[in-house]
Amino acid sequence: MASSYNAKEEDGHVPGSAGHGGAAEAKSKKPDNTAFKQQRLPAWQPILTAGTVLPAFFVIGLIFIPIGIGLFVTSNNIKEFEIDYTGVNSDSPCYSCATNASWNNTTPCLCSLNFTLSQPFESNVYMYYGLSNFYQNHRRYVKSRDDSQLYGDPNALKSPSKECEPYRMSGAQPIAPCGAIANSLFNDTLELYHIEPNGTRNLIPLVKKGIAWWTDKHVKFRNPEGNDNLTVAFQGTTKPVNWRNPVYELDPSDPENNGFINEDFIVWMRTAALPTFRKLYRIIQKKSGPTPTLPSGNYVLNIAYNYPVTSFDGRKRMILSTISWMGGKNPFLGIAYITVGSICFFLGGGFKQAALNIWSVHGILGGVELSD
Amino acid sequence: MFRKRFPPEEERRVRANDREYNEKFQYASNCIMTSKYNIITFLPVNLFEQFQEVANTYFLFLLILQLIPQISSLSWFTTIVPLALVLIITAVKDATDDYFRHKSDNQVNNRQSQVLIRGSLQHEKWMNVRVGDIIKLENNQFVAADLLLLSSTEPHGLCYIETAELDGETNMKVRQSVSVTSELGDPNNLFSFDGEVVCEPPNNKLDRFCGTLYWRDKKYTLTNQNMLLRGCVLRNTEACYGLVIFAGPDTKLMQNSGRTKFKRTSIDRLMNTLVLWIFGFLVCMGVILAVGDAVWEREVGSLFQSYLPWDPPVNNFLFNAFLSFWSYVIILNTVVPISLYVSVEVIRLGHSYFINWDQQMFCSQCNTAAEARTTTLNEELGQVEYIFSDKTGTLTQNIMSFNKCSINGQTYGEVTDPLGPQAKRLDFTPFNPLADLDFCFYDDTLLESVKVGDSHTHKFFRLLSLCHTVMSEEKSEGELVYKAQSPDEGALVTAARNFGFVFRSRTPGTITTTEMGRPVTYTLLAILDFNNIRKRMSVIVRSPEGRIRLYCKGADTVLLERLHPCNQELMNITSDHLNEYAADGLRTLALAYRDLSEDEWEAWSESHRCADKASDCREDRVAAAYEQIEQDMMLLGATAIEDKLQEGVPETIAVLSLANIKIWVLTGDKQETAVNIGYSCKMLTDDMTEVFIINGHTVQSVRQELRRARERMIELSRTRDGGKESGMEGWGEAYFSGNGLRGGQEGDGTESGGGGGGGGKPPQCPPPPPPPPPPPPPPSPPSNLMDNVSGEFALIVNGHSLAHALEADMETEFVSTACACKAVICCRVTPLQKAQVVELIKTHKKAVTLAIGDGANDVSMIKSAHIGVGISGQEGIQAVLSSDYSFSQFRFLQRLLLVHGRWSYLRMCRFLCYFFYKNFAFTMVHFWFGFFCGFSAQTVYDQYFITLYNIVYTSLPVLAMGIFDQDVPDHRSLEYPKLYEPGQLNLLFNKKEFFICITQGIYTSVVLFFVPYAVLSDATQSNGVPLADYQTFAVTTATALVIVVSVQIALDTGFWTVINHVFVWGSVGCYFSIMLALHSQSLFRIFPNQFHFVGSAQSTLLQPVVWLTIALATAICIVPVLAFRFLKLDLKPQLSDTVRYTQLVRQKKRKPAGRSVGSAWRGVGMVAEGRLGARGGSRRSGYAFAHQEGFGELITSGKNMRLSSQALANFASRHSSSWIDTLRRKKHNHTHTPPSASGECSPAPSCVSGLFPLGPQKPIQLQHRAQSQLHLQGPAQAPSSSVLGSSAVRCHGGDSPGGWTLSLGSVQEALFGWKGFAGRSGASNSQGLPPVAKETSHIE
């Protein structure tokens, strides 16, 4: 305000003599003439014309359809076998186990299922257990763990995170591993026998190593440090309520596979995204020689039935599957690709026709035509 | 704030020179405060204000919810980080704004004024001026507070003020002090003045003041005539003294400036509504999911308890569902992310900078760039439907120039060939040494005609030199300064001066002129003063030869009726000329004279004297007397004065109206002036179907006039539309053909019908009734009929009618009439009415309004409109200070609206569409996941992804689009004003568009959830490990989301600059690198509990299936969008698409950019212009005269005459001393001398004798040099030496304003001769020199 006020006063008195005061030196406030400030930056201005959109559709179609076909064929070549052993029906061999199963049973209930593979399974075969209606992705379930404890942090081992409630402490002793996830560890034991045509049962060797993520096994899960003897390391903690054995006795056969780095445990701890899920149980290694890993024929699945699921209407399955470059059997992906690719292809064609019709009527771009 | 506690003032008592007494009343001091915060109150007040924003409170609420463990579905930082960011950014912005407000307040408050304290004048800051102080004001100073004028240096206590800051009128006004106080000349007497003023409490009425002065047991009535209001500037008065009555916030200026309202854009309001809707939507989803949770917990969860027991306080499924509802409210809150508000602010800030940086809105003459003072309104600039413009200083430069004239049937000043070489400006100096050098005229035939001595031409200019109320001031021989009360008169007298009829001076009884170099003194017998009803003024003079003649100038309509019948032929020619001038938008006056015999004069003089003395109906009688003598006059010709428009005004108005923006002119000026400007800036054209004038003085008459106007409109448009219909056609045509004439006459008729003739119908008004009388139209045409009125109408409303029209029950009537018109002009509008009109349109039309003005009288309008634009022109910067945008030329408005506004709107709309889209796509995935995770409010994504999604991964590309996007280049949007329309119709972002966006967002979320669901549920890695674990799923979905929204922004961006590329690619890159970092082993090793996702990114992104899933999801999301957009563009292209496409084609062809493409649209503008310039057939008086009644009386009474040439010279010298004073003060400030120090430089009349309290060394030397040079080199070298001289004087002049009252006497007179010489030799600098020379002489 003041500046204009003075200027005014001066103007009234000495018109024309402004150059003599400060006005001449006054810096020009003219904005810089840069492309940025004048909003004239060079720019690419795409516009959705028939010339760009239609080829794009064709290209998408041309890429998607072959991929889809490839995926579909690959997926069809994968062999998969699935058997439900929950024992819901009374005629099921596991019916009695299913009705009696509870966490408190000290002795496992055994049952066995016969099944037939109509086709031989080549290469490595992967054995999964599947659970249905099991909400591993429930918020309270997902968070009910203490990653510090699982990482072998001695403090967390002795005082687990509050997130583990109500499976945090058992009496005065901290639970290791704490939390609902660990507490509900899947503890059925599955054994697979091949019944040869002559009736002999051959136990199929199941590899229990290499079923967990590398990072989980080597980074995320660690036993408490300081002692080679896990019993000592876990001293002062107690096993989860539902467990039969403490964490350091999870795998009696392999001392290296005990504690938090037990692979079955790690697999279980990687929670599933959906209530119906499968987890890798064992790997059946490819046999050397021409015989398939699992030749076609009759098999028997022996189950130590420990894990109760009938109470919440859950289901348990055993799955055998081979694998390709794109993983397991997955028909959806191939079909989806073929569908999307075809739609694009037809859209491209349809639009081309439509565009041509419109041009013939209205000229370029339809609507208003600008003379040039 | 303090004053609020006191009861409102009933009356104000002020005692002069008695601070103690006045302090009892706790009147407001002269300190003004427009800032909102101080350091202590800033934090609480600002936070309070910020949390009044619904959004901020909502986020605070969410934050609190998240602290409850049973509810918390997200970590606390996902909300607090963005919220804190928002609060901090806003607070910083508010603090900066307020800092500048503090600064400007301080500047004003620290202005210096001279206060009479203890008998001496002391410099005080404005803020320290108290009610009851006596202030000395000098010429050209702003009045510091509302003052009662006590005395002035002019005779009779008169002083002149310019009230441009207050009401925008630039003509000078006279104020006079009460006679008793005007005698108290000097500070000593004034100090003893202890009168007490009792007056009304502070109010905002600018034209009213009532109070009483009690002094020495006598009462004197005070009126507005005695007041000097803050914001006025003292003019042509050397100095005056005033008593402060109202100070600071109590002044009428401040009372008139309405409260600052926080302006919101319509997009803002829409956004808030949408946010509320979204909130509702959120609650709905929450309820759905909570119900789902209840069902799930009852059917499944309760059974699943052996694996997953309920959290302790939860003991039944209902309670669980209740908690689940809140959990979902938290995780779904990202549909309205807080970053929305920050981003919007950032985008607007960017747009504001572009406005500030725009070179094409920079005015090099005044060195001012456009400035976006409010950064939050930019997109509203793209939606303006109504512009309310001030006239003076906004449309016009307020410079009158004598442009054309018609003398005895011959027109001059016509530039014959507009395409030819620029006509040469006439040089008058060789012909006439007294000519004003600034005067421009191009037609030399007129000068020739003067030179050859054409008697008509001579009479013409003689009339101009005699018939006026201009005061002259001759500071030195030949250096004339005219003080005209209206700029028109000044222009006319100056024209006469240049053509050899120089008005030199006047006394109450004489007028001295120099006619063709020969001094002539006329005896002034009478001034028949101007008034609005007469619309003419006359003088009766006796020439030295003794001939008595009446000279009259006035509106042609009035004057032509009073001519002698023998003038018929000339009158026809002249009125043709007048029409031409008027059609060009010039202000015309007709000139006539009448020779009077001695007897006639005697007789009339007698009757006039009687009339004048009559006690009753004096006015009428005097008017009748005037009427009696102003008869049988001989026509001389007509003048046409151009009220110079600002550069590019008609073009701008044409372009804006092509863009469908309605322009209303609200002016304080008179109707004629306003209408004239309306024509010259092409708002009104002769092609208009009809121009209605609302001029009623009562509610009924205004209502009637409005109704009649509407009926006519409907009639006329019916005639136009259904012209073929028989029956109607006949009389409709009759109406139509007659209307132009009627429109013109109606206005004049009402005017001359008398201001008082309100109630009745104006006499000339009723149209000739058509033979078959039309059926009576409905009493009040329904407004829907008004919407489709076709035809171009204009409405002119007078101030007093407007007052009625704005009354509650008339509002709708007024709005429906006015809005059907293409142009509306309101004249004689007060500042408050301006605001009311704006409010009216705002409330009734729900349209975006923009007010543009330059004076303090426009402040209220600027504040109440959606957007206020201030012209930083001559009328101070009050308007600029309260405006949202400011620049220095009206024509920049088109760029501001059509380019910046349009872009802003476009960008903001695209931004919002995309923003809502991306957040729905992001958030709704949780909703679908809810059905698969037992409604447990488990998030799909990693918590870090949720935190960073809006502020890192997706913010910059959309910001870049919101800031840089352009659909068509700037010059195209000026070429095709129609491109502006989508903004006005709110097409680019409205509720429908919003639904489309969120539908698209929801569709995307469905795809993003179910495609990975379908693919991954059975898929395994190539090593057999299933992919369906939660973390893989989360990473896949998140990656797909980021890629889909990035592709979408790529589709939305229409203008890919480097920055867009960097941001889009950078964001995707950023996503991957941040994700890999967060999933890295090293971070996990440090905080194993915080980074659960260790290794997920690596193992997931190595899987081909994951990439195939992402590609599939992207294709499914984008292909339909692409197809839809392509079809839309192909089948229903918008104008912008077409323009853009043409641009592209042209670029491809690499043709030189021919401008022919725009011709179709631009053509309209050109045609309009061309047509406007054409001569209209209708008759319209271009008469306009910014004149006020009463000046004639002032002259004949001799009140405003200066006593002697000595006093005049005296004035001149003091005049310059105050200028020196200013410079001196500047210097003072520069040397950091505390202002109070100036007080010690006592007013020393003898300081010339070598007493230099402040500049001891240099000034003396300079002075010596100046003297010696003067002595040695004599007058020839004066210009150079005087420069030095002036600088010497400058150093001490300010200390002693009283010091220059020394009479200069003979020295002064002796110098006149010399000065005349200097003036002629240094022609280019002549105006700068005189005061300087005088100072020099003074030192001698």
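Residues numbered from 1 in each chain as written. Chains lettered and ligands numbered in written order. Predicted model: local features only at pLDDT ≥ 70, side-chain atom pairs only at ≥ 80, totals over all residues. Heavy atoms only, no water.

- The name given to chain B in an unreviewed UniProt entry is Phospholipid-transporting ATPase, with Pleuronectes platessa as the source organism.
- Among the UniProt annotations of chain B, the heading Cofactor (unreviewed entry) holds the following wording: "Mg(2+)".
- Quoted verbatim from the Subcellular location (unreviewed entry) heading of the UniProt record, the comment on chain B is "Membrane". (UniProt positions renumbered as here; feature names shortened; annotations may be inferred.)

- Chain A appears in an unreviewed UniProt entry as Cell cycle control protein from Pleuronectes platessa.
- UniProt, in its Sequence similarities (unreviewed entry) section for chain A, records the words "Belongs to the CDC50/LEM3 family."

1. A short note on the pairing of strand E1 (residues 80–84) of chain A
On a regular strand, each side chain points to the face opposite its neighbour's, so the side chains alternate between the two faces of the sheet.
All names here are of chain A.
At step 1: Here E1 shows one buried face, formed by Phe81 and Ile83, and one open face, formed by Glu80, Glu82 and Asp84.
At step 2: Here E1 pairs with strand E10 (residues 315–321) via five bridges, running antiparallel. For Glu80, the partnering residue across the bridge sits in E10 and is Ser321. (Buried < 20%, exposed > 50% of the residue type's maximum accessible area, 1.4 Å probe, protein only. Helix = DSSP H or I, 4+ residues; strand = E, 2+ residues; numbered from the N terminus. Pairing = 2+ DSSP bridges.)

2. Remarks on the pairing of strand E1 (residues 12–15) of chain B
Residues and elements named next belong to chain B.
At step 1: Only one face of E1 is buried: it carries Arg12 and Val14, and the other face, with Arg13 and Arg15, is open.
At step 2: Of the pairings in the sheet, the one linking E1 to strand E8 (residues 196–199) comprises four bridges and is antiparallel in character. In the sheet register, Val14 faces E8, and the bridge partner there is Val197.

3. A look at the UniProt feature "transmembrane region" (unreviewed entry) in chain A
At step 1: On the UniProt side, "transmembrane region" (unreviewed entry) is annotated at positions that read residues 47–73 and 332–351 of chain A here.
At step 2: The distance separating the terminal C-alpha atoms of residues 332–351 of chain A is 28 Å; by composition the span is 100% helix and 0% strand.

4. Here's the deal with the sheet that holds strand E7 (residues 172–176) of chain B
Residues and elements named next belong to chain B.
At step 1: Judged by pairing direction, the sheet is antiparallel, and its three strands sit side by side in the order E7-E6-E12 without closing on themselves. Where the open sheet ends on each side, the last strands, each with one partner, are E7 and strand E12 (233–235). Each neighbouring strand pair of the sheet contributes to a mean axis angle of 45 degrees, computed without reference to strand direction.
At step 2: Alignment of strand E6 (residues 158–162) against E12, held across three bridges, turns out to be antiparallel. The partner of Glu162 across the bridge, within E12, is Val233. (Axes fitted to C-alpha atoms, helices over the stretch in contact; angles between N-to-C directions.)

5. Here's the deal with the UniProt feature "domain: P-type ATPase N-terminal" (unreviewed entry) in chain B
At step 1: As annotated by UniProt and renumbered to match this structure, "domain: P-type ATPase N-terminal" (unreviewed entry) occupies residues 14–80 of chain B.
At step 2: Here residues 14–80 of chain B is 54% helix and 3% strand, with 57 Å between the C-alpha atoms at its ends.

6. Let's talk about the interface of chain A and chain B
At step 1: Each side of the interface is counted separately: chain A has 110 residues, and chain B has 138 residues.
At step 2: Taken together, the two surfaces of chain A and chain B that pack against each other cover about 11,100 Å², and 63% of this comes from carbon and sulfur.
At step 3: Across the salt bridge formed by Glu297 of chain B and Arg140 of chain A, the nearest N and O atoms sit 3.1 Å from each other.
At step 4: Elements represented by at least two residues in the side of chain A that touches chain B include exactly helix H1 (2–13), helix H2 (50–77), strand E3 (125–132), helix H4 (139–142), helix H5 (147–150), helix H8 (214–220), strand E8 (277–284) and helix H11 (331–362) of chain A.
At step 5: Ranked by residues supplied to the side of chain A that touches chain B, first place goes to H11 of chain A with 11 residues. (Contact = heavy atoms within 4.5 Å. Buried area = accessible area lost by both parts, 1.4 Å probe. Salt bridge = Lys/Arg side-chain N within 4 Å of Asp/Glu carboxyl O.)

7. Structural notes on the nonpolar core
At step 1: Of all hydrophobic cores here, the largest spans 211 residues; its most connected members are Trp268 and Leu320 of chain A together with Leu340 of chain B.
At step 2: In this structure Leu320 of chain A touches Lys79, Glu80, Phe81, Phe115, Phe121, Val125, Tyr126, Met127, Leu192, Ile284 and Leu294 of chain A, once residues within four positions along its chain are discounted. (Core = buried A, V, L, I, M, F, W, Y, C linked by side-chain atoms within 4.5 Å.)

8. Examining the sheet that holds strand E31 (residues 848–853) of chain B
Sheet strands pair by backbone hydrogen bonding; their relative direction is either parallel or antiparallel.
Residue and element names in this part refer to chain B.
At step 1: In space, the nine strands of this open sheet follow the order E14-E33-E32-E31-E15-E27-E30-E29-E28, with mixed pairing throughout. Looking at strand neighbours, the two that pair on one side only are strand E14 (371–372) and strand E28 (690–694), the edges of this open sheet.
At step 2: Judged from the five bridges that link them, strand E15 (residues 384–389) and E31 form a sheet pairing that is parallel. Paired with Val384 across the bridge in E31 is Val848.
At step 3: Of the strands in this sheet, E15, E31, strand E32 (867–871) and strand E33 (885–887) touch helix H29 (residues 892–930), which is tilted by about 140 degrees from E33.

9. Structural notes on the packing of aromatic side chains
Residue and element names in this part refer to chain B.
At step 1: Inspection of the entire model under this criterion finds 99 aromatic pairs over all chains.
At step 2: Seen from their ring centres, Trp664 and Phe814 are 6.3 Å apart, and the 80 degrees between their planes marks the pair as edge-to-face. Taken together, the residues Trp664 in strand E27 (residues 662–666) and Phe814 in helix H25 (residues 811–819) connect sequence positions 150 residues apart. The pair formed by Trp664 and Phe814 is uniform in burial state, with each residue classed as buried.
At step 3: Centre to centre, the rings of Phe1009 and Tyr1013 are 6.0 Å apart; their planes meet at 20 degrees, and the pair counts as stacked. With a gap of four residues between them, Phe1009 and Tyr1013 both fall in helix H34 (residues 991–1016), about one helical turn apart. (Phe/Tyr/Trp six-rings, centres within 6.5 Å; stacked < 30°, edge-to-face > 60°.)

10. Overview of the state of the cysteines
Residue and element names in this part refer to chain A.
At step 1: This structure, assessed with the given rule, holds three disulfides over all chains.
At step 2: With a sulfur-sulfur separation of 2.0 Å, Cys94 is cross-linked through a disulfide to Cys111. With the S-S bond torsion at 85 degrees, the cross-link from Cys94 to Cys111 turns out right-handed. One end of the pair, Cys94, is in the loop between E1 and helix H3 (95–100); the other, Cys111, is in strand E2 (residues 109–117), and 17 residues separate them in sequence. Neither residue differs from the other here; Cys94 and Cys111 are each classed as buried.
At step 3: Each sulfur of the disulfide joining Cys164 and Cys178 lies 1.9 Å from the other. Of this pair, Cys164 sits in the loop between helix H6 (154–158) and strand E4 (169–170) while Cys178 sits in the loop between strand E5 (173–174) and helix H7 (180–183); the two residues are 14 residues apart in sequence, bridging distant segments of the chain.
At step 4: Residue class for Cys164 comes out buried when judged on its relative accessible area of 0%. (Disulfide = S-S within 2.5 Å.)

11. Regarding unusual backbone geometry
At step 1: Looking along the chain, the bond that leaves Glu165 of chain A and enters Pro166 of chain A is cis, with omega of 0 degrees.
At step 2: Residues Ala176 of chain A and Pro177 of chain A are joined by a peptide bond in cis, for which omega reads -10 degrees.
At step 3: Of note, Pro177 of chain A is situated in the loop between E5 and H7.
At step 4: In this structure, Gln26 of chain B is a non-glycine residue whose phi angle is positive, near 55 degrees.
At step 5: With respect to the helices and strands, Gln26 of chain B occurs in the loop between helix H1 (19–23) and helix H2 (39–52).
At step 6: Note on Gln26 of chain B: relative accessible area 43%, which makes it partly exposed.
At step 7: Located in the positive-phi region is Phe935 of chain B, a residue other than glycine, with phi close to 50 degrees.

12. Some details on the environment of Phe1010 of chain B
Residue and element names in this part refer to chain B.
At step 1: Relative to the helices and strands, Phe1010 is located in helix H34.
At step 2: Residue Phe1010 is classed as partly exposed on the basis of its relative accessible area of 30%.
At step 3: As a C-alpha pair, Phe1010 and Ile996 span 14 residues in sequence and 21 Å in three-dimensional space.
At step 4: With residues up to four places along the chain from it excluded, the contact list for Phe1010 reads Trp928 and Phe932.

13. Topic: the packing of H29 of chain B against H34 of chain B
Residues and elements named next belong to chain B.
At step 1: At a minimum axis separation of 7 Å, H29 and H34 run at an interaxial angle of 40 degrees. Between H29 and H34, the angle falls in the class oblique. Here H29 runs over H34; the crossing is right-handed.
At step 2: Classifying every residue of the contact of H29 with H34 by side-chain character gives 17 nonpolar, four polar and one charged. (Parallel < 35°, antiparallel > 145°, perpendicular 65-115°, else oblique. Left-handed = near helix turned anticlockwise from the far one by under 90°. Nonpolar A, V, L, I, M, F, W, Y, C, P; charged D, E, K, R; others polar.)

14. Focus on the side chain of Glu379 of chain B
Residue and element names in this part refer to chain B.
At step 1: Tracing the sequence through the fold places Glu379 in the loop between E14 and E15.
At step 2: Judged by relative accessible area, which is 1%, Glu379 ranks as buried.
At step 3: When near neighbours in sequence (up to four residues on either side) are disregarded, Glu379 contacts Thr265, Ile267, Asp268, Arg348, Gly901, Ser904, Tyr905 and Met908.

15. Topic: the packing of H29 of chain B against helix H35 (residues 1030–1052) of chain B
All names here are of chain B.
At step 1: Interhelical geometry of H29 versus H35 gives an angle of 165 degrees and a closest axis separation of 11 Å. When the interaxial angle is binned, H29 and H35 end up roughly antiparallel. Of the two elements, H29 crosses H35, and the hand of that crossing is right-handed. Residues Arg910, Tyr914, Tyr917, Lys918, Ala921, Phe922 and Val925 of H29 form the contact with H35, whose participating residues are Thr1037, Leu1041, Val1044, Val1045, Ser1046, Gln1048, Ile1049 and Asp1052.
At step 2: Its residues assigned to classes, the contact of H29 with H35 shows nine nonpolar, three polar and three charged.

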